[in-house]
Amino acid sequence: MSTALTDLFPYPIVQAPMAGGVSVPRLAAAVSEAGGLGFLAAGYKTADGMYQEIKQLRGLTGRPFGVNLFVPQPDYAESGAVDLYAHQLAGEATWYETELGDPDSGRDDGYDTKLAVLLDNPVPVVSFHFGVPAPEVVDALHRAGTFVLVTATTPEEALAVRQAGADVVIAQGLEAGGHQGSHRDLPENGCPGTGVLALVAQVRETVDIPVVAAGGIMRGSQIAAVLAAGASAAQLGTAFIATPESGAHALHKEALTDPVFPRTELTRAFSGRPARGLVNRFLREHGPYAPAAYPEIHHLTAPLRKAAAKAGDAQAMALWAGHGHRMARDLPAGRLVEVLAAELDAARAALSGFPTAGGEVR
């Protein structure tokens, strides 16, 4: 990774921007203060809401941080499929005594307005999910002094990131919790994916820009593994959900290590886009029938998810989590960064005693 970017955070640890209220200013501040790179998630917020969180974060730390944006999505949804899914969810709405949301509540997530705010009030790092920003957007952010990171889930997507002029590609493996950042979510594609270690190696052979690895990383030894595979840093999301600074619902935090939720699956049930979450009743019952329709399904199910959380029912909440969720630790975010860094150092020290390919001991 370029010296200028690595100078921003001493440890190769990036806190994933988790939308929906998880990546709040106090979490990002704690991570940045401890030597990682904290992130705010602008997804599902208004431009003013994003700006207010940036102001709050700047009041908590003078260290660098990042802000994540969702790239607007092409319209692949079939209205008939969305209407049918709404009909299937009618019983859920009755049970939770709420109305279904309006699937046509908006497609672009206030993208242009948020970009204008970030150009008028530059932050150190901006990352993009669900696609590649236009080259002129990347150029404008560079002129403002902002580093640009973009998620990719395949080598081909990584090449598009490089061609747009981004500084870093985030290689997101299928193990990652939450939404897959694939650039196109065509219905016929299903929920494909590549493991993070294989993806990092493939991306490194495809593009000549630094790589941040994301996907199921919960321990410092796993950070060492992705660094050995060619990444310059690791992005961790699920590991930070359980921290006290996280804005995740208490039921979400508890579910990570609850034996009732032993595994995760990629599903379209809650948003219409592939996202990895803990398998609960809602995912099991509705996942097989959810259409590829984002953000329509996200808007449609939003009131249900809120009502379930208010009722204390984790069985209908979107419990986003990666493969390593059972390894979550209830530690303060800053302390977690320190522990991860120590584990990384220990893993590197252990590897230094192994013989090289030529038979010499390092």
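In case you missed it, the structure is sitting above this.
Residues numbered from 1 in each chain as written. Predicted model: local features only at pLDDT ≥ 70, side-chain atom pairs only at ≥ 80, totals over all residues. Heavy atoms only, no water.

**Some words on the overall build of the protein**
Link 1 in the chain: Looking only at helices and strands, the protein features 15 helices and 11 strands.
Link 2 in the chain: Projected onto its principal axes, the C-alpha coordinates of the protein cover approximately 65 × 45 × 40 Å.
Link 3 in the chain: Residues classed as buried in the protein amount to 57% of the 362 residues present.
Link 4 in the chain: Excluding contacts between residues fewer than 6 apart, the proportion of contacts in the protein whose partners are at least 24 apart in sequence is 69%.
Link 5 in the chain: For the protein, the distance from the average position of its 27 positive side-chain charges to the average position of its 38 negative side-chain charges is 5 Å. (Helix = DSSP H or I, 4+ residues; strand = E, 2+ residues; numbered from the N terminus. Buried < 20%, exposed > 50% of the residue type's maximum accessible area, 1.4 Å probe, protein only. Contact = heavy atoms within 4.5 Å. Lys, Arg positive; Asp, Glu negative; His and termini not counted. Charge placed at Lys NZ, Arg CZ, Asp CG, Glu CD.)

**Here we look at the sheet that holds strand β9 (residues 233–236)**
Link 1 in the chain: Here eight strands make up an open sheet; going across it, the order is β1-β9-β8-β6-β5-β4-β3-β2 and the pairing parallel. The open sheet has two free edges, formed respectively by β1 (13–15) and β2 (38–41), since each of these has just one partner strand. Looking at each pair of strands side by side, their axes are set apart by 25° on average, direction ignored.
Link 2 in the chain: The pairing of β1 with β9 spans three bridges and is classified as parallel. From the neighbouring strand, V14 faces β9, where its bridge partner is Q235. (Pairing = 2+ DSSP bridges. Axes fitted to C-alpha atoms, helices over the stretch in contact; angles between N-to-C directions.)

**Some details on the pattern of salt bridges**
Link 1 in the chain: Considering all chains together, one arrives at 10 salt bridges under this definition.
Link 2 in the chain: In this structure, E296 engages R107 in a salt bridge whose closest nitrogen and oxygen atoms are separated by 2.4 Å. You can see E296 sitting in helix α14 (residues 296–310) and its partner R107 sitting in the loop between α5 (90–95) and α6 (111–120), a full 189 residues away along the chain.
Link 3 in the chain: Under the relative-accessibility criterion, E296 is labelled buried at 7%.
Link 4 in the chain: Note on R107: relative accessible area 26%, which makes it partly exposed.
Link 5 in the chain: The salt bridge partner of R281 is E285, with a shortest N-O separation of 3.0 Å. Note that R281 and E285 are positioned in helix α13 (residues 281–286) at a spacing of four residues, about one turn of the helix.
Link 6 in the chain: For E285, a relative accessible area of 42% translates into the label partly exposed.
Link 7 in the chain: One salt-bridge network, held together by shared partners, links E92, R281 and E285. (Salt bridge = Lys/Arg side-chain N within 4 Å of Asp/Glu carboxyl O.)

**Notes on the packing of helix α10 (residues 220–228) against helix α15 (residues 333–351)**
Link 1 in the chain: It is the contact of α10 with α15, at a shortest axis distance of 7 Å, that shows an interaxial angle of 60°. With respect to their mutual orientation, α10 and α15 come out oblique. In this structure, α10 crosses over α15, and the sense of that crossing is right-handed. When α10 is examined against α15, the residues G220, S221, I223, A224 and L227 are found in contact with a partner set consisting of L340, E343, L344, A347 and R348.
Link 2 in the chain: Considering only residue class, the contact of α10 with α15 consists of six nonpolar, two polar and two charged. (Parallel < 35°, antiparallel > 145°, perpendicular 65-115°, else oblique. Left-handed = near helix turned anticlockwise from the far one by under 90°. Nonpolar A, V, L, I, M, F, W, Y, C, P; charged D, E, K, R; others polar.)

**Describing the sheet that holds strand β7 (residues 178–179)**
Link 1 in the chain: Spatial ordering of the open sheet is given by β7-β11-β10, a layout of three strands whose pairing is antiparallel. In this open sheet, the two edge strands, each paired with only one partner strand, are β7 and β10 (264–267).
Link 2 in the chain: Strand direction decides the pairing type here: β7 and strand β11 (residues 275–278), joined by two bridges, are antiparallel. Bridging across to β11, G178 finds its partner in R276.

**So, the environment of P155**
Link 1 in the chain: The topology assignment puts P155 in helix α8 (residues 155–163).
Link 2 in the chain: Using a relative accessible area of 15% as the deciding quantity, one classes P155 as buried.
Link 3 in the chain: As for P155 and Q202, which are separated by 47 residues in sequence, their C-alpha atoms are 6.1 Å apart.

**A few points about α6**
Link 1 in the chain: Buried within α6 are the following residues: Y111, K114, L115, V117 and L118. Taken around the axis of α6, the buried residues stretch over an arc of 160°, which confines them to a single face. For α6, exposure combined with an orientation more than 90 degrees from the buried face picks out D112 and D120. (Arc of directions from axis to C-beta.)

**Quick notes on the side chain of T151**
Link 1 in the chain: Within the element layout of this structure, T151 appears in strand β5 (residues 147–152).
Link 2 in the chain: Within the local environment of T151, its side chain forms a polar contact with the side chain of H129, the two groups lying 3.1 Å apart.
Link 3 in the chain: T151 has contacts with F128, H129, V161, I170, Q172, G181 and H183, leaving out every residue within four places of it along the chain. (Polar contact = N/O pair within 3.5 Å; in protein donor to acceptor, adjacent residues only side chain to side chain.)

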